[in-house]
Amino acid sequence: MKINGVPYRSVWVDQTDQRTVCIFDQTRLPFALEILRLSSSEQVAHAIVTMQVRGAPLIGAVAAYGLALALSADASDEAMEREASMLAATRPTAINLRWAIDRMLQKLRPVRPEDRVATAYSEAGLICDEDVAQNEAIGRHGLELIRAIKNRKQERERINILTHCNAGWIATVDWGTALAPIYMAHDEGLDVHVWVDETRPRNQGAALTAWELGSHGVSHTVIVDNAGGHLMQHGQVDIVIVGTDRVTANGDVANKIGTYLKALAARDNGLPFWVALPSTTIDWRVQNGLTEIPIEERSPLEVTTVTGRTAAGHLETVRITPDHSTAANPAFDVTPARLVTGLITERGCCDASGPGLQSLFPATTRL
Ligand code: MRU
């Protein structure tokens with residue numbers, strides 16, 4: 001995607017030393033666009049844990065480069081396995097992280113230690129390129145859904161899409177998942193407007209999705225997380241499109257906390273609820289999302305405080321709850337497949353079900 005006319009991906013290797021991994025520090029957005037230069041696996045792990053880098057496909061891609069950085073320091077079998085486990089443990093819910101590390105290990109284990117660094121950078125680069133291609137394909141398939149809504153509407157009526165969290169280009173290597181069809185619809189001149197859930201407590205919607213859409217010129221309105229149901233009841237939402245951190249083999253969907261409530265409201269109002277994902281987000285080993293997907297529990301401080309920019313222009317964190325109140329912070333929830341209208345993947349759209357997923361990804365063709 002372009003920022004001020006310059007094309008960027010959300011992760012890249014510095015061209016001068018061919019080694020340092022560059023990302024945008026997402027904790028600084030939307031107020032500052034700062035590039036973080038990562039030169040060790042520890043720095044990569046820290047960036048993932050603190051959510052300087054986040055979004056399921058992106059943490060997988062960045063962790064793959066983290067392993068390449070680790071091997072630059074020590075390419076032995078022992079170090080490789082240890083650093084891979086360390087990186088894979090940084091966040092528990094998004095399966096893309098474990099997928100990327102597993103893929104790297106499969107590629108690297110048979111390689112001689114002296115050749116591992118080059119192989120690791122090359123494989124991480126492939127993971128990135130494939131992610132971009134998959135998300136672009138998701139965009140094309142999701143665009144068909146938006147065009148179909150347009151065809152059912154009056155000439156001058158706009159298409160209202162609700163999204164939760166941030167599943168845009170900054171959450172992937174490029175394009176995004178849920179936002180890819182929206183960018184494409186906007187680019188071909190469809191009048192789309194996006195309701196952006198703020199997505200407490202980390203505010204990925206208010207900070208990141210709003211920033212992305214605004215930078216691309218897409219009309220959008222930030223709403224509090226509880227507004228979506230009301231808007232649906234009043235005919236102001238045509239479709240919900242969200243991303244996901246893990247989809248089970250039978251189509252259950254783990255995504256940012258609050259997604260389940262949007263799916264319930266969409267069902268009650270007879271509205272389509274679609275989930276966009278690259279196949280790297282499918283966990284074929286897991287059937288029951290409610291019992292088998294680990295849900296990350298983050299710091300209560302994210303709930304008891306809010307962070308924003310002061311009039312003087314610096315970031316400030318203030319407490320919003322009584323000092324004596326405790327807080328709980330489950331970061332994801334699971335939307336059962338029965339509430340999901342369908343899945344938008346790089347191979348097309350399908351039912352959120354075992355047979356639906358298998359129709360697009362028969363076992364023999366899975367990546
Ligand atoms: O905690 P985060 O910000 O990493 O959570 C991100 C999400 O829940 C996204 O919706 C999901 O990763 C899909 S990103 C294309």
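Everything quoted here is computed from the prediction, not taken from an experiment.

A closer look at the overall build of the chain
Here is step 1 of the chain: Check the secondary structure of the chain and you find twelve helices and 18 strands.
Here is step 2 of the chain: What you see for the chain is a C-alpha radius of gyration of 20 Å, in line with the 21 Å of a compact globule of 367 residues.
Here is step 3 of the chain: For the chain, the spread of C-alpha atoms along the principal axes amounts to about 65 × 55 × 45 Å.
Here is step 4 of the chain: Split into buried and exposed, the 367 residues of the chain put 46% on the buried side.
Here is step 5 of the chain: Contacts spanning at least 24 positions in sequence make up 74% of the contacts within the chain whose residues lie at least 6 apart.

What to know about the environment of proline 30
Here is step 1 of the chain: For proline 30, the position within the fold is in the loop between β4 (21–24) and β5 (35–38).
Here is step 2 of the chain: Beyond its immediate chain neighbours, meaning those up to four positions away, proline 30 contacts Ala207, Ala210 and Trp211.

Describing the domain arrangement of the chain
Here is step 1 of the chain: You can read the domains of the chain as domain 1 (2–129) and domain 2 (140–365).
Here is step 2 of the chain: Centre-to-centre, using C-alpha coordinates, domain 1 lies 24 Å away from domain 2.
Here is step 3 of the chain: Counting from both sides, the interface comprises 25 residues of domain 1 and, opposite them, 27 residues of domain 2.
Here is step 4 of the chain: Secondary structure elements with two or more residues in the side of domain 1 that touches domain 2: α2 (56–73) and α4 (95–108).
Here is step 5 of the chain: Looking at side-chain class alone, the side of domain 1 that touches domain 2 contains 16 nonpolar, six polar and three charged residues.

Observations concerning unusual backbone geometry
Here is step 1 of the chain: Cis geometry is found at the peptide bond from leucine 29 to proline 30, where omega equals 10°.
Here is step 2 of the chain: Cis geometry marks the peptide bond from arginine 200 to proline 201, where omega comes out at 5°.
Here is step 3 of the chain: Within the secondary structure, proline 201 is located in the loop between β7 (192–197) and α7 (204–216).
Here is step 4 of the chain: The residue glutamine 18 is not glycine, and still its phi comes out positive at about 60°.
Here is step 5 of the chain: With a phi close to 65°, methionine 51 is a non-glycine residue in the positive phi region.
Here is step 6 of the chain: Secondary-structure assignment places methionine 51 in the loop between α1 (41–49) and α2.
Here is step 7 of the chain: Here methionine 51 falls in the partly exposed class, since 18 other C-beta atoms lie within 10 Å of it.

A word on the packing of α2 against α4
Here is step 1 of the chain: One can describe the packing of α2 onto α4 by two numbers: an axis separation of 7 Å at closest approach and a directional angle of 30°. In this structure, the crossing between α2 and α4 has a hand that is right-handed. Together, Ala56, Pro57, Ile59, Gly60, Ala61, Ala63, Ala64 and Leu67 of α2 and Asn96, Leu97, Trp99, Ala100, Ile101 and Met104 of α4 make up the contact between the two elements.
Here is step 2 of the chain: Looking at the contact of α2 with α4 residue by residue, the class counts come to twelve nonpolar, two polar and no charged.

Focus on the packing of α2 against helix α5 (residues 113–152)
Here is step 1 of the chain: Direction vectors running N to C along α2 and α5 enclose 170°, while the axes themselves pass 8 Å from each other. Compared by their axis directions, α2 and α5 come out roughly antiparallel. Within the contact between the two elements, α2 uses Pro57, Gly60, Ala61, Ala64, Tyr65, Leu67, Ala68, Leu71 and Ser72 and α5 uses Arg116, Val117, Ala120, Tyr121, Glu123, Ala124, Ile127, Cys128 and Asp131.
Here is step 2 of the chain: In terms of residue class, the contact of α2 with α5 is built from 13 nonpolar, two polar and three charged.

Quick word on the nonpolar core
Here is step 1 of the chain: Formed by 99 residues in total, the largest nonpolar core has its most connected members in Val44, Ala61, Val62, Ala63, Leu67 and Ala276.
Here is step 2 of the chain: Here this core gets 13 residues from one element, more than from any other, and that element is α2.
Here is step 3 of the chain: Of the domains in this structure, domain 1 (2–129) and domain 2 (140–365) are the two that each give at least three residues to this core.
Here is step 4 of the chain: Ignoring sequence-local partners within four residues, the contact set of alanine 63 consists of Val44, Ile48, Leu87, Leu97, Ala100 and Ile101.

Here we look at the site of the ligand
Here is step 1 of the chain: The immediate surroundings of the ligand are formed by 18 residues, with Arg54, Ala56, Ala171, Gly243 and Lys256 found nearest.
Here is step 2 of the chain: Of all elements in the fold, only α2 and β11 (253–256) reach the threshold of two or more residues within the shell around the ligand.
Here is step 3 of the chain: Of the residues that constitute the shell around the ligand, the class distribution is seven nonpolar, eight polar and three charged.
Here is step 4 of the chain: Counting contributing residues, the shell around the ligand receives three or more from each of domain 1 (2–129) and domain 2 (140–365).

Reading the values: the criteria
- Residues numbered from 1 in each chain as written.
- Predicted model: local features only at pLDDT ≥ 70, side-chain atom pairs only at ≥ 80, totals over all residues.
- Helix = DSSP H or I, 4+ residues; strand = E, 2+ residues; numbered from the N terminus.
- Rg over C-alpha atoms; globule rule 2.2 N^0.38 Å.
- Buried ≥ 20, exposed ≤ 12 C-beta atoms within 10 Å, placed from the backbone.
- Contact = placed C-beta atoms within 7 Å.
- Domains from an automatic or database assignment.
- Nonpolar A, V, L, I, M, F, W, Y, C, P; charged D, E, K, R; others polar.
- Axes fitted to C-alpha atoms, helices over the stretch in contact; angles between N-to-C directions.
- Left-handed = near helix turned anticlockwise from the far one by under 90°.
- Parallel < 35°, antiparallel > 145°, perpendicular 65-115°, else oblique.
- Core = buried A, V, L, I, M, F, W, Y, C linked by C-beta atoms within 7 Å.
- Near = placed C-beta within 6 Å.

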